[in-house]
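# Inside the fold
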Amino acid sequence: MNLFDVYPLFDINPVKAQGSWLWCEKGEKYLDLYGGHAVISIGHSHPHYVKAITDQLNNIGFYSNSVQNKLQVQLAEKLGALSGYTDYNLFLCNSGAEANENALKIASFVTGRKKIVAFQKAFHGRTSGAVAATDNPKIVAPFNAGHNITFVPLNDEKAFDDVMDGDVAAVIIEGIQGVGGIQLPTDSFLQYIEKKCKQHNTLLILDEIQSGYGRTGKFFAHQFANIHPHVITTAKGMGNGFPIGSVLIHPDIKPWSGMLGTTFGGNYLACAAAIAVLDVMEKEKLMDNASIVGDYLLEKLGQIKGLLEIRGKGLMIGIDLPDDKKSVRTNLLKAYKIFTGEAKPNTIRLLPSLTVTKAEADIFLHALEKEVA
Ligand SMILES: Cc1ncc(COP(=O)(O)O)c(C=O)c1O
C-alpha cells in the first residue's frame, strides 16, 4: 500500500532528535526552527518528557476515558495555573481541528444559533466545521458551502460591524494567524470584537492552537490584549508531539451530560505528555525564553537588508521575501541544514521550540543574511 499523497514531504529521514536539533539516517545534523508546525514546544526528546511518557506506558499505558482519570484533573489544574484561566473548565480531545469543532458546537448549543463569523486568511483545521471557518479555497471542499460562515478582513471594525447581529453564534479568531502568513490582530481590534460579542450574546472563540502555549511570551497571544474569550482552543505544542487538543470553557457555560464526548481525548498517555510539557515550561521558564529570543530574532531580522517585511511576536515569526528569493527556504534546508516553515505566497514561518537559544538563532540569521544578499 502507498501513502495517500496529499502534502509535500522533504526527502529526509530523521532518526534522532535533541532540543532544537535533528539527525538524519545519513548522520547529517539539522537545526529545527519549525518543530513540525509549532508542535515541538519544549524541545525534542526532553528527558523529563521522555521519562513521564515511558513511566506512564509502563503503568497503565494508553487507556481511554471510561474510568476516573486523575491525570486529567492534574492537567486541568496545572494548565489553569500556568495560563491564568483557573476558573475555566477543560475538555480534552485529540487535535486542533477537533478542539475547534467542539468550540463551534458549544457556541451553537449555548446560543441556539448557526451563523459564524471568521476572518480572511484564517485557518482552523480540516474537519467539516473547522475547515468551513478556514478561508482558503484550496482547503475547503464544496460540501462545506452548507456551513453558515461569513469572512471579514482582519482588523477591520467597520466590516466586522456590518456582519455582526443577534444571529451570530460565534466569532472565531486566531491569536495570531499562522497558515495565513503570521498576521496579527491588533489589541484594539480584539477588544472591539470582545465588546461586540458581549453586546450580541455571541461567543468569542480564540483559536490559540498555533499561537498559544507560551510561544509569544505569554501563555496565549490574546492575553496581550487583556481580553477573556468564552472559549479558547489549544493543541500543537500542548503535547510536544503527542497528539492532544483541548477546549478551555468559560465558567458561565454550564456542561450537561452528553454535551461533548470522545474516546481517546484525555487518555492517560496524552495527559502524562501534556503535564510533562507544563512542568518543563514552568521549571525552565520557557515563556521568558520565548520572549527574549523572539525579541532578539525580530531585532536582528530587522537589520537584514533585502527582506520585505517581518511580523510576529515571541517565537512566532513571519518573514516576507521578495519574489526573486523564492528559493531561500529550500536553500536554507539544503545548504545550511536549517528547517523553517512557509506561508504562501512567499513568507518564511519560524516556529522553533521555546528552548531555542540566541546562539541557535544566530546560525539561522547568518545563513539568511547570506541567502538574501
Ligand atoms: C490555528 C490553527 N487552528 C487549527 C489547526 C488544526 O489543527 P490540527 O492539524 O491539529 O487539526 C491548525 C493547524 O495547523 C492551526 O494552525
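Conventions adopted
Residues numbered from 1 in each chain as written. Predicted model: local features only at pLDDT ≥ 70, side-chain atom pairs only at ≥ 80, totals over all residues. Heavy atoms only, no water. UniProt positions renumbered as here; feature names shortened; annotations may be inferred. Phe/Tyr/Trp six-rings, centres within 6.5 Å; stacked < 30°, edge-to-face > 60°. Helix = DSSP H or I, 4+ residues; strand = E, 2+ residues; numbered from the N terminus. Buried < 20%, exposed > 50% of the residue type's maximum accessible area, 1.4 Å probe, protein only. Lys NZ or Arg CZ within 6 Å of the ring centre and 35° of its normal. 1 Å grid on protein atoms, 1.4 Å probe; cavity = no way out; pocket = protein on both sides within 12 Å on 5 of 7 lines; lining within 4 Å. Points joined across faces, edges and corners; volume = space filled by probe spheres on them. Nonpolar A, V, L, I, M, F, W, Y, C, P; charged D, E, K, R; others polar. Disulfide = S-S within 2.5 Å. Pairing = 2+ DSSP bridges. Axes fitted to C-alpha atoms, helices over the stretch in contact; angles between N-to-C directions. Parallel < 35°, antiparallel > 145°, perpendicular 65-115°, else oblique. Left-handed = near helix turned anticlockwise from the far one by under 90°. Contact = heavy atoms within 4.5 Å. Domains from an automatic or database assignment. Buried area = accessible area lost by both parts, 1.4 Å probe. Salt bridge = Lys/Arg side-chain N within 4 Å of Asp/Glu carboxyl O. Near = heavy atom within 4 Å. Polar contact = N/O pair within 3.5 Å; in protein donor to acceptor, adjacent residues only side chain to side chain. Areas by Shrake-Rupley, 256 points an atom, 1.4 Å probe, with all protein chains shown as cover.

With an unreviewed UniProt entry as reference, the protein chain is termed Acetylornithine aminotransferase, source organism Chryseotalea sanaruensis. Note on the protein chain: under the UniProt heading Cofactor (unreviewed entry), the record states "pyridoxal 5'-phosphate". What UniProt records for the protein chain under Sequence similarities (unreviewed entry) is the sentence "Belongs to the class-III pyridoxal-phosphate-dependent aminotransferase family."

## Thoughts on the packing of aromatic side chains
Summed over all chains, the structure comprises 10 aromatic pairs. For the ring pair F119 and F160, a centre distance of 6.2 Å and an interplane angle of 20° mean the geometry is stacked. With F119 in strand 5 (residues 115-119) and F160 in helix 6 (residues 157-163), this residue pair connects regions lying 41 residues apart in the sequence. Take F119 and F160: they sit in the same class, and that class is buried. Clustering of aromatic rings is evident, with ring pairs tying together Y85, Y88, Y213, F219 and F220. It is K16 that lies over the ring of W23; its NZ or CZ is 4.4 Å from the centre.

## Description of empty space enclosed by the protein
A complete count under the given rule lists three cavities of 30 Å³ or more for this structure. Taken together, G175, I176, L184, P185, D187, L190, A221, H222, F224 and K313 make up the lining of the largest cavity. The residue makeup of the lining of the largest cavity, split by class, is six nonpolar, two polar and two charged.

## Notes on the state of the cysteines
This structure, assessed with the given rule, holds zero disulfides. As a non-bridged cysteine, C93 has C271 as the owner of its nearest cysteine sulfur, 12 Å distant.

## Points about the pairing of strand 15 (residues 347-350)
Neither face of strand 15 is open: one carries T347 and R349, the other I348 and L350, and all of them are buried. Sheet topology note: the strand 12 (residues 316-320)/strand 15 ladder contains four bridges and is antiparallel. By the bridge assignment for strand 15, I317 is matched with L350. Bridging between strand 14 (residues 341-343) and strand 15 involves three bridges; their strand directions are antiparallel. Across the sheet, residue E342 finds its bridge partner in strand 15, namely I348. Hairpin connection, strand 14 to strand 15: the antiparallel pair is bridged by three residues.

## Considerations on the packing of helix 3 (residues 70-83) against helix 8 (residues 268-283)
Following both chains from N to C, one finds helix 3 and helix 8 inclined at 30°, their axes separated by 9 Å at the closest point. On the basis of their axis angle, the class for helix 3 and helix 8 is roughly parallel. Between helix 3 and helix 8 lies a crossing whose hand is left-handed. Here L71, Q72, Q74, L75, K78, L79 and L82 of helix 3 lie close against helix 8, whose contacting residues are Y268, C271, A272, A274, I275, L278, D279, M281 and E282.

## Focus on the sheet that holds strand 15
The strands that make up a sheet are held in pairs by hydrogen bonds between backbone atoms, and each pair lies either parallel or antiparallel. Read from one edge of the open sheet, four strands run 11-12-15-14, paired in antiparallel fashion. Edge strands, defined here as strands with exactly one partner in the open sheet, are strand 11 (309-313) and strand 14. Adjacent strand axes in the sheet meet at a mean angle of 25° when their direction is disregarded. Together, strand 11, strand 12 and strand 15 form the strand contacts of helix 9 (residues 286-302), whose direction differs from that of strand 11 by roughly 170°.

## Describing the domain arrangement of the protein chain
What the domain assignment lists for the protein chain is domain 1 (14-42 + 285-372) and domain 2 (48-283). Taking only C-alpha atoms, the centre of domain 1 and the centre of domain 2 are 25 Å apart. Across the boundary between the two partners, domain 1 contributes 25 residues, which contact 30 residues of domain 2. At the boundary of domain 1 with domain 2, total buried surface from both sides reaches about 2400 Å², with 62% on carbon and sulfur atoms. At the junction of domain 1 with domain 2, the criterion picks out zero salt bridges. Breaking the side of domain 1 that touches domain 2 down by element, the ones donating at least two residues are helix 1 (35-38), helix 9, strand 11, strand 12 and strand 15.

## Some remarks on the site of the ligand
With respect to spatial proximity, the complete set of residues near the ligand consists of S95, G96, A97, N100, F123, H124, G125, E174, D207, I209, Q210 and K236. Residue A97 places a main-chain N or O atom 2.8 Å away from an oxygen atom belonging to the ligand. Between Q210 and the ligand, the recorded distance is 2.8 Å, taken from a side-chain N or O atom to an oxygen atom. Across the complex, the protein chains shield 80% of the 390 Å² of accessible surface that the ligand would expose by itself. Among the elements that take part in the shell around the ligand, helix 4 (residues 96-111) stands out by supplying three residues, more than any other. Class assignment of the residues belonging to the shell around the ligand gives a composition of three nonpolar, six polar and three charged.

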